[in-house]
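# Topology and contacts: notes
Now for the letters of each chain:
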Amino acid sequence: MDRLLQLEVFSKTAELGSLSKAAETLRMSNAAASRHLSALEERLAVRLIERNTRRQWLTEAGQELLQRCSTLLNELAEAEDAVSDRALSPKGMLRVTSSLSFAMIYLAPMLPAFRALYPKLSVQIIAANRYPDFIEAGIDVAIRTREHEPDSNIIVRRIGQMRRVLAAAPSYFARQGQPQHPADLARHDMLIYNLANDPYSLRLSKGNAAQTIRIAPTLDSNDGQVIRGAALAGLGILIQPLYIVQGDISSGQLVPLLMDWELPLLTMNIAYQNRVRLPAKIRVFSDFLVNHIREHSQPGIWIDAKERVPESFGAV
């Protein structure tokens, strides 16, 4: 029995959480998929997947094998890409992770046009504000706001820098008044994104002047959409990237404040694993995303977007 096919069945079963779904994806019967998985477990003399009538889960041995065989199968797919028409017409699954807000505002709206160009390429979006391990999570592309990666095997390509803004609902200002100076923020109800760098210290600048204000949260959350929803309801003042609340500001649901003071810019990057040859699916997705952001972002959100956004991400 084909050892590679056994690994493919195992990997796909772990990925989809179902042997029957793996069989369907690999275009084989459930019985054939079960035989391949059983043969793999018998050959390795270890149980890889535990299952009952309600669910299945990887054993410790299964988790270790999945990490190793995922790398092997990805490298094999890349080798096939190099000698097949997939380099021109990528196919398969592309796994992308980003914050929920970025996925809602940029990724989801661009997918119809992207899929029209690359109909054989499926996309999985993992919305997460923390940074999962590329290999363990099977991630192809990550949209991240940190400038440097601790892992030297991760390549970072800058999309650009974004403005951040302080804003609140008119109902909040009617109730609490509007701050006129950064120091006033210490006495206001603040809605804080708690995964930011030093989230309870707010740094603002105007010309040569700078202010650092310690703020206490009325609400803190690990997701920008929760912060936005609370601000729209009138709970307090948020500090968010402008792209998240630009529509709310344009509609008058949120009102920006202290606009003559600047918050530190937020850098947005595309990150992916360093490989001898950049897979076609990563290259075409990165190029498409960069162009989509440049063409569909409202003015003022990105700083020097035309200069900072690369025309194309070639093979690395």
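All values reported here derive from a predicted model rather than from experimental measurement.

The next thing to look at is the sheet that holds strand β7 (residues 164-168). If you walk across this open sheet you meet the five strands as β11-β8-β12-β7-β13, and the pairing is mixed. Either end of the sheet is taken by a strand with one partner, and the two such strands are β11 (217-221) and β13 (255-256). As paired strands, strand β8 (residues 190-193) and β11 are joined by four bridges and run parallel to one another. Counted as the bridge partner of Ile-192 is Asp-220 from β11. Its contacts with the sheet put helix α8 (residues 224-232) on β8, β11 and β12 (237-241), and the angle it makes with β8 is roughly 170°. Contacting β7, β12 and β13, helix α9 (residues 242-251) crosses the sheet at an angle of about 120° to β12.

This part is about the pairing of strand β5 (residues 141-144). Walk down a regular strand and you will see the side chains alternate between the two sheet faces. The two faces of β5 match: Val-141 and Ile-143 on one face and Ala-142 and Arg-144 on the other face are all buried. When strand β3 (residues 92-98) meets β5, the two strands line up parallel, connected through two bridges. Of the residues in β5, the one forming a bridge with Val-96 is Val-141. In the sheet, β5 pairs with strand β14 (residues 266-273) via three bridges, with the strands oriented antiparallel.

Strands sit in the order β4-β3-β5-β14-β6-β15 across an open sheet of six strands; the sheet is mixed. Pairing within the sheet leaves two strands with one partner each, and these edge strands are β4 (121-127) and β15 (302-303).

Turning our eyes to something else, we now look at the nonpolar core. Burial of nonpolar side chains together is a common tendency in soluble globular proteins. Counting 43 residues, the largest nonpolar core has Phe-102, Ile-143, Phe-285 and Leu-289 as its most contacted members. Look past the residues within four positions of Ile-143 in its chain and what remains in contact with it is Val-96, Thr-97, Ser-98, Phe-102, Ile-159, Met-268, Asn-269, Ile-270 and Leu-289. By size, the runner-up hydrophobic cluster in this structure holds 17 residues, among which are Met-190, Leu-258, Trp-261 and Leu-263.

The next point concerns α9. Because an α-helix packs 3.6 residues into every turn, residues spaced three or four apart end up facing the same way. Burial analysis of α9 places seven of its 10 residues in the buried class, which makes it a mostly covered element. Listed in full, the buried residues belonging to α9 are Leu-242, Tyr-243, Ile-244, Val-245, Gln-246, Asp-248 and Ile-249. Phi for Gly-252, located one or two positions after α9, is positive at around 85°.

Those residues of α8 not exposed but buried are Gly-224, Gln-225, Ile-227, Ala-230 and Ala-231. Those residues of α8 that are buried are in contact with α5 (100-117), β8, β11, β12 and α9. With a side-chain oxygen positioned 2.8 Å from the backbone nitrogen of Gln-225, the residue opening α8 is Asp-223. Trailing α8 by a residue or two, Gly-234 shows a phi angle of about 90°, which is positive.

On to unusual backbone geometry, then. If you check the backbone angles, Ala-45 has positive phi at about 60° while not being a glycine. Its location among the elements puts Ala-45 in the loop between α3 (30-44) and β1 (49-51). For Ala-45, a relative accessible area of 70% translates into the label exposed. Positioned with a positive phi, Leu-258 is a non-glycine residue whose angle comes to about 50°. With relative accessibility at 8%, the residue Leu-258 sits in the buried group.

About the thresholds
Residues numbered from 1 in each chain as written. Predicted model: local features only at pLDDT ≥ 70, side-chain atom pairs only at ≥ 80, totals over all residues. Heavy atoms only, no water. Pairing = 2+ DSSP bridges. Helix = DSSP H or I, 4+ residues; strand = E, 2+ residues; numbered from the N terminus. Contact = heavy atoms within 4.5 Å. Axes fitted to C-alpha atoms, helices over the stretch in contact; angles between N-to-C directions. Buried < 20%, exposed > 50% of the residue type's maximum accessible area, 1.4 Å probe, protein only. Core = buried A, V, L, I, M, F, W, Y, C linked by side-chain atoms within 4.5 Å. Polar contact = N/O pair within 3.5 Å; in protein donor to acceptor, adjacent residues only side chain to side chain.

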